[in-house]
Amino acid sequence: MSAEAVGTDSTPRRFLGWLMNPWARARFLWVIGLAYIAWTLLPVAIAVAFSFNAGKSQTAWQGFSLTRWYLDDVSSVWQDDSLRTALLQSLKLSGLSVLIAVPIGIAFGLAIDRWRGRTSRGANMVMLFSFITPEIAVAVALFLYFTQLATVIGLGLKAQVFGLSMYEMAYPVIIVQARLLSIGKEYEEAAMDLGASQMQALRRVLLPLLTPAIVASVGIVFATSIDNFVISQRLSIGASTQTVPILIYSSARTAPLPSLNALATITLFASTLMIAVAGLALRSASRRDRGGVAATAKIGLPVAGG
Amino acid sequence: MRSKLGRGGYRLQLFWPAFAAPATVWLLAFFVVPFFVIMAIAFGGLDPVFLTPDPRYDPLDWQFGSFANVLSHLFVRESIYQQAFLRTLAYVTLASIGCLLIGYPVAYFMARHAGRFKTAFLVAFIAPFWMSYMMRMFAWVNLLQEEGYVNRILVNIGLLQSPRLWLQGKPSTVVFGLIYGYVPFMILPLYAMLDRIDRSTLEAARDLGAGQIQTFRRITLPLSRQAIFAGCMIVTLPMFGDYYTQTLLASTRGTSMFGNLIVSSLESSLVNTGASLVLVMIALLMIPMVFYLRSAARARELVA
């Protein structure tokens, strides 16, 4: 940018003056912010657009076709066996992960918040470690476990579900803990003072208050499971247990057809939908007790390990 | 009331532990034991004929010969291990700096200047978080093809004479991919911190005569130091284990990273070596991991 400013032409200099004008709103920062959004979102938008390409190219636009790569072509998502299998496998895997990870994660989050002792602190520590250990280490450990020790289970869908639900469990735990922090203990104590047993207080008071956190957990666990690559790849065996990210990984460089874009677009749509649900749930909850945009940002924060 | 507590006293003691039990079992079965298996294999023996691993589950039987062998390779100059390790270190360092240089101004903008568009911007910034990493990389694979949009644009505006082969083992492409992939993870902690800084502190600094730059250097930057640290940890830890970015964007021996070593040794049935390499990686990352957990715990205490 400074190279332009030195030029004799006055237009760049005037542009720079406009950009850096200290009396106007920070235009410089606005340009950075907008450029960043374009940089992060445009490539994905282009990839989505190419799933509607009328031709076979992934680099040249050949006209618009709404359904060729989704339904019509022999190699579309609907008709190609490997693509359809991958989509079904992804849905199955993330659905099962949600079914396991969310209930046990919520229960765990509640338990370690209420029951403070050495054992619970230790368990919480292990859970946090499972979350920030680089995923490849977790995946290799699980791979060796299922091939050397737990050979009864072996590799495949079962192993993928077990491994992934363990790895994803941290999300509900963290979300519930954050929510418990803002709820406080008063409602529960009040219920128990009025004669409710611990179980009744939990079921009739705490659980309704935790509904947004549960909904958010379902959304986030589903979205991150459907996008999971490292663990599901390491624990997959053969084509029947390939998920969408595995398929993208293995065929991205081999000049794939736009049907791969279509497949990616479908999963993108599914995970965006789930995240939107999660975001709205957390937002409505935070508006009720604390409010503000910062609380919405929380759904981004728990992500530490990749 | 008292009698009620007395009656349920014993049950109450088991109430919460019962809730924690399923998840604890899950963690034991699919996290703790698998890591023990890694150790049993790394410190175990090898079948002399088939070279299959011979895991030893009794720590008293552990031998450290093959582990020490792998470890010593890291210190042999110009060995494949050392090269991959140093390369990973370089890529991760460059990419983390890149993430910080891009992420800080963006987070700063979002916290201070986005104004009434804040929510819209926040949604746009969080979006890449939840997109499949593979899809985001796949998008770039298409853009960076020889006849892809990047080359076409660069040639058209005259920055390049002829299309460049971005995807043929260019370290710069790998670092670029890492930055693109992980920068959202840097932005969120920075934003959360910058958003929390009290405006009156900044106004006080300005009232006392500090300029815009001085306020930033002496107030904002010191206050966001912890978030910078946390952000760096958040991007560094997964980057160290990343092998797929390299495979998608470069795929050559000359750019392979530490994670690629692990994966390729598993794929060529050198299970023992793979297990040892994972242990080496965890040992190296243990200190940043503990630091990260501690700073996260401290942040939570601050919020509470």
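Scroll up to find the structure this text is about.
Residues numbered from 1 in each chain as written. Chains lettered and ligands numbered in written order. Predicted model: local features only at pLDDT ≥ 70, side-chain atom pairs only at ≥ 80, totals over all residues. Heavy atoms only, no water.

Enquirer: I would appreciate a short explanation of the packing of helix α5 (residues 81-114) of chain A against helix α11 (residues 198-226) of chain A in the present structure.
Expert: When two helices pack together, their arrangement is captured by the angle between the axes and the distance separating the axes. Residue and element names in this part refer to chain A. Direction vectors running N to C along α5 and α11 enclose 140°, while the axes themselves pass 9 Å from each other. One finds that α5 runs oblique with respect to α11. Considering how the two elements wind past one another, α5 and α11 form a crossing that is right-handed. Here Ser90, Leu91, Ser94, Gly95, Ser97, Val98, Ala101, Val102, Ile106, Leu110 and Arg114 of α5 come into contact with α11, specifically with Leu202, Leu206, Leu210, Ile214, Ser217, Val218, Val221, Phe222, Ser225 and Ile226. Residues that form the contact of α5 with α11 fall into these classes: 14 nonpolar, 6 polar and 1 charged. (Axes fitted to C-alpha atoms, helices over the stretch in contact; angles between N-to-C directions. Helix = DSSP H or I, 4+ residues; strand = E, 2+ residues; numbered from the N terminus. Parallel < 35°, antiparallel > 145°, perpendicular 65-115°, else oblique. Left-handed = near helix turned anticlockwise from the far one by under 90°. Contact = heavy atoms within 4.5 Å. Nonpolar A, V, L, I, M, F, W, Y, C, P; charged D, E, K, R; others polar.)

Enquirer: What exactly am I supposed to notice about the pattern of salt bridges here?
Expert: Pairing is possible between side chains that carry opposite charge, provided their charged atoms lie close to one another. Residues and elements named next belong to chain A. Per the stated rule, a full pass over the model turns up 7 salt bridges over all chains. One salt bridge connects Arg84 with Asp81, and the closest N-O pair in it is separated by 2.9 Å. Highlighted residues: Arg84 and Asp81, both in helix α5, separated by 3 residues, approximately one helical turn. Taking the relative accessible area as the measure of exposure, Arg84 reaches 32% and is therefore partly exposed. (Salt bridge = Lys/Arg side-chain N within 4 Å of Asp/Glu carboxyl O. Buried < 20%, exposed > 50% of the residue type's maximum accessible area, 1.4 Å probe, protein only.)

Enquirer: Help me understand the nonpolar core, please; the structure alone is not making it clear to me.
Expert: One recurring pattern in soluble globular proteins: nonpolar side chains tend to sit buried together. Core analysis: the biggest nonpolar cluster contains 186 residues, and Leu144(A), Ile38(B), Leu178(B), Tyr182(B), Tyr244(B) and Phe258(B) have the highest contact counts within it. It is helix α7 (residues 171-196) of chain B that provides the largest number of residues to this core, a total of 15 residues. In this structure, this core is formed jointly by two domains, domain 1 (3-52) and domain 2 (69-298) of chain A, each of which donates at least three residues. Apart from residues no more than four positions distant in its own chain, Leu178(B) is found in contact with Tyr91(B), Ala95(B), Tyr133(B), Met239(B), Asp242(B), Thr245(B) and Met257(B). (Core = buried A, V, L, I, M, F, W, Y, C linked by side-chain atoms within 4.5 Å. Domains from an automatic or database assignment.)

Enquirer: Teacher, can you tell me more about a nonpolar patch on the surface here?
Expert: Taken together, Phe229(B), Met286(B), Ile287(B), Val290(B) and Phe291(B) make up a surface patch of nonpolar side chains, about 440 Å² in accessible area. No other element matches the 4 residues that helix α13 (residues 271-303) of chain B contributes to the nonpolar patch. (Patch = residues over 30% accessible without salt bridge, like charges linked within 9 Å, V, L, I, M, F, W, Y side chains within 5 Å. Areas by Shrake-Rupley, 256 points an atom, 1.4 Å probe, with all protein chains shown as cover.)

Enquirer: Looking at this model, I keep getting lost on the interface of chain A and chain B. Mind explaining?
Expert: Where interface size is given, it is often the accessible area lost as the parts come together that is meant. Taken together, the contacts link 96 residues of chain A with 103 residues of chain B. Between chain A and chain B the total buried area reaches about 8800 Å² when both faces are included, carbon and sulfur atoms providing 80% of it. When the buried area of chain A at its contact with chain B is split by residue, Tyr36(A), Trp39(A) and Arg253(A) rank highest and sum to 9% of it. Linking chain A with chain B are 1 salt bridge, by the criterion used here. The partner of Arg234(A) in a salt bridge is Glu267(B), and the shortest N-O contact between them spans 3.8 Å. Our count for the contact surface shared by chain A and chain B stands at 10 residue pairs in polar contact (both at pLDDT 80 or more). Along the lines of polarity and charge, the residues of the side of chain A that touches chain B split into 69 nonpolar, 20 polar and 7 charged. (Buried area = accessible area lost by both parts, 1.4 Å probe. Polar contact = N/O pair within 3.5 Å; in protein donor to acceptor, adjacent residues only side chain to side chain.)

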